[in-house]
Every structure is written in structure tokens, then in C-alpha cells.
Amino acid sequence: MRKQENEEIGQRLQKLRLRAGLSKTELANILDVSVDHYRKLESGAYTIDVKKVINLYRYMGADPLYLLIGVSRKNVMYDSHKKPSDGNHVMQDLLIYCYENSEKSSDRNGGNNV
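What counts, and at which threshold
- Residues numbered from 1 in each chain as written.
- Predicted model: local features only at pLDDT ≥ 70, side-chain atom pairs only at ≥ 80, totals over all residues.
- Heavy atoms only, no water.
- Helix = DSSP H or I, 4+ residues; strand = E, 2+ residues; numbered from the N terminus.
- Buried < 20%, exposed > 50% of the residue type's maximum accessible area, 1.4 Å probe, protein only.
- Contact = heavy atoms within 4.5 Å.
- Areas by Shrake-Rupley, 256 points an atom, 1.4 Å probe, with all protein chains shown as cover.
- Salt bridge = Lys/Arg side-chain N within 4 Å of Asp/Glu carboxyl O.
- Polar contact = N/O pair within 3.5 Å; in protein donor to acceptor, adjacent residues only side chain to side chain.
- Core = buried A, V, L, I, M, F, W, Y, C linked by side-chain atoms within 4.5 Å.
- Axes fitted to C-alpha atoms, helices over the stretch in contact; angles between N-to-C directions.
- Parallel < 35°, antiparallel > 145°, perpendicular 65-115°, else oblique.
- 1 Å grid on protein atoms, 1.4 Å probe; cavity = no way out; pocket = protein on both sides within 12 Å on 5 of 7 lines; lining within 4 Å.
- Points joined across faces, edges and corners; volume = space filled by probe spheres on them.
- Nonpolar A, V, L, I, M, F, W, Y, C, P; charged D, E, K, R; others polar.

Participant: Can you help me understand the overall build of the protein chain in this one?
Facilitator: Each helix and strand in the protein chain was counted, giving six helices and zero strands. The order of helices and strands in the protein chain, counted from the N terminus, is α-α-α-α-α-α. Split into buried and exposed, the 114 residues of the protein chain put 33% on the buried side. The contacts in the protein chain between residues at least 6 apart in sequence include a share of 52% that link residues at least 24 apart. Surface accessibility of the protein chain: about 7400 Å² in total, with carbon and sulfur atoms responsible for 49%.

Below you can see the structure in the form of C-alpha cells.
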């Protein structure tokens with residue numbers, strides 16, 4: 001399953017890159033990785049790490065929830081007055097979203113969270 005998740009993240013990463021009008025080389029430079037490493041992120045061969053997700057958020061305003069799990073933050077309750085300038089609340093928002101949805105999943109599964 002991890003391979004499939006990496007591939008889905010890679011597809012979303014590619015969409016974000018193309019929407020921003022960046023080449024693979026330009027985004028590799030932003031992430032401070034080689035172009036080969038970036039290609040492997042996009043293909044799903046490598047897993048993107050948290051620091052890179054935060055860099056994408058800081059540099060491009062890339063939605064970490066969309067990138068990691070395919071859900072847009074606009075569908076998630078959060079403080080709309082926060083600005084994507086420091087990135088300090090990104091992981092907090094992501095963890096809150098995951099926690100809230102794991103509780104819903106647990107309720108649907110009769111308390112057995114998968």
C-alpha cells in the first residue's frame with residue numbers, strides 16, 4: 001500500500017508543479033534535491049518527507065493536506081485568518097484533520113480503527 005500512496009502523492013506533486021509552471025529542475029532546486037531524486041518523488045519511488053512538504057507550503061502555498069492525502073483544506077475546518085507564511089500550523093492542521101477522521105473511521109468500524 002505504501003507504494004500506491006507514494007505514487008498518488010507523486011501525481012499530486014506533479015499537478016502542483018505544472019500548475020505553478022515550474023520545471024522538474026526548478027522544483028528540485030526549491031526542495032534542495034537532485035533532479036533524479038525529484039523524479040523519483042514524482043514517480044512514487046521515494047517518499048516525500050515532512051520538511052519538503054513544509055517547504056512546498058512556504059514557497060508555493062501548496063496545500064499539505066491535498067499533497068499528502070488528496071483532500072483540500074478548503075473542505076477542512078481551520079482558522080481562515082492564518083496566513084501561509086510561517087508553516088508552523090501546517091502539521092497541526094494536518095494532525096487535527098487525521099485525528100478527527102480516524103475517529104469517524106473508528107465509529108464506522110465499530111470502534112476498531114484500522
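Participant: Sorry if this is basic, but what is going on with the pattern of salt bridges here?
Facilitator: Charged atoms that come close allow side chains of opposite charge to pair. All chains considered together, the criterion is met by six salt bridges. Between E42 and R17 there is a salt bridge, with its nearest N and O atoms 2.6 Å apart. Pair noted here: E42 is in helix α3 (residues 35–43) and R17 is in helix α1 (residues 2–20), with a separation of 25 residues, a long-range link. Judged by its relative accessible area of 10%, E42 is buried. Take R17: its relative accessible area is 6%, and that puts it in the buried class. Among the ionic pairs, K52 bridges to D49, the shortest N-O distance being 2.9 Å. For K52, a relative accessible area of 14% gives the class buried.

Participant: Quick question: what am I supposed to make of the side chain of K52 here?
Facilitator: Mapped onto the elements of the fold, K52 is located in helix α4 (residues 50–60). A polar contact is formed between the side chain of K52 and the side chain of D49, at a distance of 2.9 Å. Those residues in contact with K52 that sit more than four places away from it in its chain are L31, V33, H37 and L41.

Participant: Is there a simple way to think about the nonpolar core in this case?
Facilitator: For soluble globular proteins, nonpolar side chains are generally found buried alongside one another. Formed by 16 residues in total, the largest nonpolar core has its most connected members in L13, L27, L31, Y38, I48, L56 and L67. With residues up to four places along the chain from it excluded, the contact list for L31 reads Y38, L41, K52, N55 and L56.

Participant: Which parts of the structure should I look at to understand the packing of helix α2 (residues 24–31) against α3?
Facilitator: When two helices pack together, you describe them by how their axes are tilted relative to each other and by the distance separating the axes. Where α2 meets α3, the axes come as close as 9 Å, and the angle between the chain directions of the two elements is 100°. It follows from the interaxial angle that α2 and α3 lie roughly perpendicular. Residues K24, T25, L27, A28 and L31 of α2 touch α3, and the partners they reach there are V35, Y38, R39, L41 and E42.

Participant: Just to check I follow, could you spell out empty space enclosed by the protein for this structure?
Facilitator: Unoccupied space between atoms shows up once a probe the size of one water molecule is rolled over them. Summed over all chains, the structure comprises one cavity of 30 Å³ or more. Approximately 30 Å³ is the volume found for the largest cavity. Looking at the largest cavity, the residues that line it are N6, I9, G10, L13, L41, Y46, T47 and I48. The residue inventory of the lining of the largest cavity, partitioned by class, reads five nonpolar, three polar and no charged.

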